[in-house]
Amino acid sequence: MSKRVRVRFAPSPTGGLHLGGVRTVLYNYLFAKKHGGEFIVRIEDTDQSRYIPGAEEYIFDTLKWCGLEPDESVQHGGNYGPYRQSERKESYRKYAEQLVKDGHAYYAFDTPEELEKMRHDYKTEQNPSPQYDHSIRMNMRNSLTLSPEESQQLLAAGTRYVIRIKMPEHETVSFTDMIRGEVHFETSLVDDKVLLKADGMPTYHLAVVADDYLMKISHAFRGEEWLPSAPVHILLWKYLFGLENMPQWAHLPLILGPNGKLSKRDAAKYGFPVFAMNWKDPNTGELTEGFKEKGFLPEAFINYLALLGWNDGTDQEMFSKEELVERFSMERVHSAGAKFDYEKAKWFNHEWIKKSEAGSLKSEVRNLLPGKGITDISDALLGKVIGLVKDRCTLLTDFYDQSWFFFKAPETWDLDAVKSKWNEDKKNFFLAYVEKLQSLIEWNAVALENIFKELASEKNIKPGELQLPFRIMLVGGKFGPPVFSIAEALGCDETTKRINAAIKIF
RNA sequence: GGCCCGUUCGUCUAAGGGCUAGGACACCACCCUUUCACGGUGGUGAUACGAGUUCGAAUCUCGUACGGGCUACCA
């Protein structure tokens, strides 16, 4: 009885993929996997004037980074292709013509100038943006106002035209949104949207309906900004394929920025990225930062996005992708928009970094080091260092600031922290400590601490008063993980070297 | 302007008629730690407003206010 679950994400390849888009992908993916269905990516490239080279590859790269791979797409293949709308161009015209034949649509010959004039002429204070609708269409140049012969002639003469839907005058269109419940629209208040453009390409309105039908989409999820045009799509389903075949709709709440809808324009102002990954506009060369490059783990990014508009009803906040698949349900998706909270996003990232095994972070961190002038680090050392500092890294990019001293000796020291309490006794202690280090058999933090304390009590100095100077010797300041762990990672030669160097300065 | 959607701590949210409205982020305090984090304990802080239904309303209904989205031959 119930159809096989097939959902689709249908981005237009015009730039970077932003937060809201990724969350739409996520909910699609989770829903599909949860129900053992297919997740399809269809490229909505019907606007040839907005073609941006590289944008399509970017989308797939992003999905890969997020771990949300489609089952069917331009790159993944499938039995319902082509998955790029520009390649399905021919299939749309026949639906548009069919609608004209059935009286649900008409040819419109108005030029851009005429449309502009209409908007200008009908514009009043009461109606600041006049629509091409039932109240106006009879004053325009279309196959409704022209005689059939005149229309035929214009068509035969190759006049540019579009096909517009003829919205019925007094009907109420309703549908059940999975998130919002019953939604009603008065058809006379909706405009005659263009279905087929003058260049022969369909608009989104026609394409989304035709392709969802052809690709056997069972559930259609998209952002709330599409809700106002839903009646057009419902009507097209009714006219073309039958309401009984229509997918179930869910209009997802918007993800808001500090002031309204997220925009890449304002990204710089927000102080946080809006795109999943870096996006460089090939035309302007402008680079917009992404979460990946900012230092986010995809697990954390996805985890936070999932919680922006959904929760499983418990207090749990940390979810792996697998857990999300298991717990997700459209019924628990909110209807209200959610403001993106960068602080919370960072908290999730921090939690995921803490939770990750040092080993699994190695390659990410290793990629960051050459940029900081650090090369030739052994895998063993890197793993050890990550283990020591990951608790204090909120972003992957924090690793350098938290661990550089493992890879190069300090060049300045926080002398204020030692000078006042520095004396000959302490100097002698460290000289003696260096001695002892040379013959230490097992070089590890526990042994280092033990002989440190033994020696301190021999010399009648409180170990606590020696630890801070020791730390400053090794790293230059009051920061870093436990000091004996640092020494352990540094090794005997380097530790000795740093102590000796510092003694001369103190 | 019109249409549509929405409204619980600053933010994300729980509580689908019945408890002192719970949790998380952020913030503050204390504890742990002779670095800093991590961790632990506690605290400040919300049902937009007004009616109605009901023994009882954050929860149901209506109105008001506020917020958001849409209003292209863009998606």
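As the structure is a prediction and not an experimental result, all values here were calculated from the model.

Concerning the domain arrangement of chain A
By a widespread convention, an interface's size corresponds to the accessible area lost as its parts come together.
Then, in step 1: Looking at chain A, the domain boundaries give domain 1 (1–73 + 253–355), domain 2 (88–207) and domain 3 (409–505).
Then, in step 2: The straight-line distance from the C-alpha centre of domain 2 to that of domain 3 is 80 Å.

Some details on empty space enclosed by the protein
It is the rolling of a water-molecule-sized probe over the atoms that shows where space remains empty.
Then, in step 1: A full pass over the atoms with the stated rule returns 1 cavity of 30 Å³ or more.
Then, in step 2: Taken as a whole, the largest cavity holds about 40 Å³ of empty space.
Then, in step 3: Contributing to the lining of the largest cavity are Leu-19, Phe-291, Phe-296, Ala-300, Phe-301, Tyr-304, Leu-305, Phe-340, Ala-345 and Phe-348.
Then, in step 4: For the lining of the largest cavity, the secondary-structure elements that each account for two or more residues are helix H10 (298–307) and helix H12 (342–355).
Then, in step 5: The dominant element in the lining of the largest cavity, judged by the number of residues it contributes, is H10, at 4 residues.

Details of the pairing of strand E1 (residues 6–9)
Then, in step 1: Going residue by residue along E1, you find Arg-6 and Arg-8 tucked away on one face and Val-7 and Phe-9 tucked away on the opposite face as well.
Then, in step 2: Two elements, E1 and strand E2 (residues 38–41), share 4 bridges in a ladder whose sense is parallel. By the bridge assignment, Phe-9 is partnered in E2 with Val-41.
Then, in step 3: After leaving E1, the chain enters helix H1 (residues 19–34) and then returns to the sheet as E2, a path that is right-handed.

A few points about the protein's contact with RNA strand B
Then, in step 1: By nearness alone, 64 residues border RNA strand B, and Gln-126, Arg-180, Lys-197, Glu-317 and Arg-392 come closest of all.
Then, in step 2: Glu-224 places a side-chain nitrogen or oxygen 2.9 Å from a sugar or linking oxygen of RNA strand B.
Then, in step 3: Interatomic distance of 2.9 Å between a side-chain N/O atom of Lys-344 and a sugar or linking oxygen of RNA strand B.
Then, in step 4: At the level of elements, helix H4 (112–121), strand E4 (162–165), strand E6 (181–186), strand E11 (260–261), strand E14 (338–339), H12 and helix H18 (463–475) are the ones that each hand at least two residues to the surface near RNA strand B.
Then, in step 5: Ranked by residues supplied to the surface near RNA strand B, first place goes to H12 with 5 residues.
Then, in step 6: Across the surface near RNA strand B, the residue classes break down as 23 nonpolar, 16 polar and 25 charged.

Section: the sheet that holds strand E7 (residues 194–196)
Working definition: the strands of a sheet are paired by backbone hydrogen bonds and lie parallel or antiparallel to each other.
Then, in step 1: The strand order across the open sheet built from 3 strands is E3-E4-E7, with neighbouring strands paired in antiparallel fashion. Among the strands making up the open sheet, the edge pair consists of strand E3 (105–108) and E7. Recorded for the sheet is a direction-independent mean angle of 45° between the axes of neighbouring strands.
Then, in step 2: In the sheet, E4 pairs with E7 via 2 bridges, with the strands oriented antiparallel. Residue pairing across strands places Ile-163 opposite Leu-196, the latter belonging to E7.

Concerning the sheet that holds E14
Then, in step 1: Reading across the sheet, the 3 strands line up as E11-E10-E14 and stay open at both edges, with mixed pairing between neighbours. With partners counted over all chains shown, the strands left at the sheet margins are E11 and E14, one partner each.

Thoughts on the pattern of salt bridges
Then, in step 1: Per the stated rule, a full pass over the model turns up 31 salt bridges.
Then, in step 2: Of the charged contacts, one joins Arg-50 and Asp-47 as a salt bridge, the two residues approaching to 3.5 Å between their closest N and O atoms.
Then, in step 3: Residue class for Asp-47 comes out partly exposed when judged on its relative accessible area of 30%.
Then, in step 4: Where Asp-191 meets Lys-193, a salt bridge forms, and the shortest distance between an N and an O atom there is 2.7 Å.
Then, in step 5: Looking at Asp-191, the relative accessible area reads 14%, which means it is buried.
Then, in step 6: The class of Lys-193 is partly exposed, set by a relative accessible area of 22%.

Quick word on the environment of Pro-481
Then, in step 1: Along the chain, the position of Pro-481 falls in the loop between H18 and helix H19 (483–490).
Then, in step 2: Between the alpha carbons of Pro-481 and Ala-32 there is a distance of 44 Å; along the sequence they are 449 residues apart.

Each value, and the rule that gives it
Residues numbered from 1 in each chain as written. Chains lettered and ligands numbered in written order. Predicted model: local features only at pLDDT ≥ 70, side-chain atom pairs only at ≥ 80, totals over all residues. Heavy atoms only, no water. Domains from an automatic or database assignment. 1 Å grid on protein atoms, 1.4 Å probe; cavity = no way out; pocket = protein on both sides within 12 Å on 5 of 7 lines; lining within 4 Å. Points joined across faces, edges and corners; volume = space filled by probe spheres on them. Helix = DSSP H or I, 4+ residues; strand = E, 2+ residues; numbered from the N terminus. Buried < 20%, exposed > 50% of the residue type's maximum accessible area, 1.4 Å probe, protein only. Pairing = 2+ DSSP bridges. Right-handed = clockwise from strand over helix to strand, strands pointing away. Near = heavy atom within 4 Å. Polar contact = N/O pair within 3.5 Å; in protein donor to acceptor, adjacent residues only side chain to side chain. Nonpolar A, V, L, I, M, F, W, Y, C, P; charged D, E, K, R; others polar. Axes fitted to C-alpha atoms, helices over the stretch in contact; angles between N-to-C directions. Salt bridge = Lys/Arg side-chain N within 4 Å of Asp/Glu carboxyl O.

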